Every structure is written in C-alpha cells, then in structure tokens.
Amino acid sequence: MILIKETDSVKKTIDMNGLWTMYYSPNFNVGIVNPHDDFEVEKTAVGVNVPCNAETALADAGVIDAELFRGMKTQDNMKFEDYHWWFEKEFDLPEIKSHQKIYMKFDMVDCIAEYYINDKLAYSSDNAFRAHVFEVSEFVKSVKNTVVVHIKPALPYILSKRYAQGNIYSHQSFAAN
C-alpha cells in the first residue's frame, strides 16, 4: 500500500495488491538486485497476484505441480527455501506536492528483503510476520514508478550472524566415544 500524507493525516492511499511480476533464481549467491540485470533471471517472469506465497504462485502459473502437499512434493519444494525472489510492480502517483510525504506499507514479507524504488534501495527488513512502513518520498516521482522487493534466502543471513548466547544455529559437531 502507498500512503500519501499531509502533516499527520493520510490524504490518499493506493492499493498495491493485485498483479505483480515475480522472478526467481536458484543461484544461492546471486549478486544482482534487479531481475532485469540477468537474462536467466529475467526469463523466469511469472504473473502473480499479491499477496501470495512463491510456491503457490509457481503452482498457479503451472511452473510446478499444483499438488504441493501430495507425496514427496513438500520435500521436493524445499529447494525453494534457498532461492532468491523478486516481486516487481509499476505504479503511478498523482502530482506530489512539496509538503506531502509518501510512505510504502507492506503488511508481511517473509523474511530477509530489500525494497527498491526506481532502482534505488529504499528499505531493508529481516523480520517476517510484521508490517513494514517506510518513507519513499525521495525515491518516487509523479509519473511511472517501479518497486522491486528482493526476497533473499534466510539461511546465509542466519549463518552470517554470531550470537553470544542462545545460538539458533551452530556448526558444532559431536562425536561419540
């Protein structure tokens, strides 16, 4: 959702739910932020209805079997946990006045994500199941805009963290004597 604010009140909202384009890459260490920067990623484009889940969107598009939970499908689909995902949408804004502030609101993005507005990093998040609201006034214009949400695989992020106590993941091995 886009919020256009004047002082403390919201003047207008723009619903961003609906048709987006989703791209994906199985490359665990992909180094791109825009799906159009890599031909292999760009050709994975799938039209999806947001809000959605990536696997369900792939099934709806016929890319994977629609029976996501039958037999070994759950195990087969675990590979998608290591994928990079990009969700892209173009949107127009009305004329923006100098005293207005523009915010973007995502109710829930799971889980490690970067948010690009017109190819510029506007925000990043590392927490799922909560709303993220951030100002985008400096990134948007009163004409065609593009938002790209790059969702990264969580495991590399988790492994990059070092926790003093209460490790949630450890590379320790144990041997029996």
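Thresholds applied
Residues numbered from 1 in each chain as written. Predicted model: local features only at pLDDT ≥ 70, side-chain atom pairs only at ≥ 80, totals over all residues. Heavy atoms only, no water. Helix = DSSP H or I, 4+ residues; strand = E, 2+ residues; numbered from the N terminus. Buried < 20%, exposed > 50% of the residue type's maximum accessible area, 1.4 Å probe, protein only. Contact = heavy atoms within 4.5 Å. Areas by Shrake-Rupley, 256 points an atom, 1.4 Å probe, with all protein chains shown as cover. pLDDT = per-residue confidence, 0-100. Pairing = 2+ DSSP bridges. Axes fitted to C-alpha atoms, helices over the stretch in contact; angles between N-to-C directions. Core = buried A, V, L, I, M, F, W, Y, C linked by side-chain atoms within 4.5 Å. Phe/Tyr/Trp six-rings, centres within 6.5 Å; stacked < 30°, edge-to-face > 60°.

Student: Can you tell me about the overall build of the protein, naming the residues and giving the values?
Tutor: Summing up its helical and strand segments, the protein has 4 helices and 10 strands in all. Going from N to C terminus, the protein has its helices and strands arranged as β-β-β-α-β-α-α-β-β-β-β-β-β-α. For the protein, the residues scored as buried account for 36% of the 177 residues in total. Long-range contacts, defined as pairs at least 24 residues apart, comprise 67% of the intrachain contacts of the protein with a sequence gap of at least 6. Of the roughly 11100 Å² of accessible surface on the protein, a fraction of 49% belongs to carbon and sulfur atoms.

Student: Which residues make up unusual backbone geometry, and what values go with them?
Tutor: With omega at 10 degrees, the peptide bond leading from Val50 into Pro51 counts as cis. With respect to the helices, strands and loops of the structure, Pro51 is situated in the loop between β4 (46-50) and α2 (54-60).

Student: Lay out the confidence of the model for the protein with the relevant residues and their values.
Tutor: Of the residues in the protein, 89% have a pLDDT of 70 or more, and the chain-wide mean is 84. The low-confidence segment residues 167-175, where pLDDT is below 50, has 5 contacts with residues more than four positions distant or belonging to other chains.

Student: Outline the sheet that holds strand β7 (residues 112-117), listing residues and values.
Tutor: Ordered in space as β4-β3-β5-β10-β7-β8, the 6 strands form an open sheet in which the pairing is antiparallel. Sheet topology places β4 and β8 (120-126) at the edges, where each strand pairs with a single neighbour. Across this sheet, the average inter-strand angle for adjacent strands is 25 degrees, counted without regard to direction.

Student: Give a description of the nonpolar core that names residues and reports values.
Tutor: Counting residues in each nonpolar core, the largest one holds 36 residues, and the members touching the most others are Ile2, Trp85, Met104, Phe106, Val136, Val147 and Val149. Those elements that place two or more of their residues in this core are β1 (2-6), β3 (18-25), β4, α2, β5 (84-92), β6 (100-106), β7 and β10 (144-152). A total of 4 residues in this core trace back to one element, the largest contributor, which is α2. Membership of the second largest hydrophobic core comes to 7 residues, among which are Tyr23, Val30, Ile32 and Trp86.

Student: So what about the sheet that holds strand β2 (residues 9-14)? Which residues, and what values?
Tutor: Taken in spatial order, the 4 strands of this open sheet run β2-β1-β6-β9, and their pairing is antiparallel. Two strands bound the open sheet, and with one partner strand each, they are β2 and β9 (132-135). On average, each strand axis in the sheet is inclined to that of its neighbour by 25 degrees, with strand direction left out of account. As defined by bridge partners, β1 adjoins β2 across 5 bridges and the pair is classed as antiparallel. The residue of β2 that forms the bridge with Lys5 is Val10.

Student: I'd like to hear about the packing of aromatic side chains, residue by residue, with values.
Tutor: By the definition in use, this model includes 10 aromatic pairs. Geometrically, the ring pair formed by Phe80 and Trp85 is tilted, given 5.9 Å between the ring centres and 55 degrees between the ring planes. Seen in terms of ring centroids, Phe106 and Tyr115 are 5.1 Å apart; in terms of plane orientation they differ by 50 degrees. Their pairing is tilted. Phe106 sits in the buried class, given a relative accessible area of 13%.

Student: Residues and numbers for the pairing of β3, please.
Tutor: In the sheet, β3 pairs with β4 via 5 bridges, with the strands oriented antiparallel. Bridging across to β4, Leu19 finds its partner in Asn49. Direction of pairing for β3 relative to β5: antiparallel, over a ladder of 5 bridges. Across the sheet, residue Ser25 finds its bridge partner in β5, namely His84.

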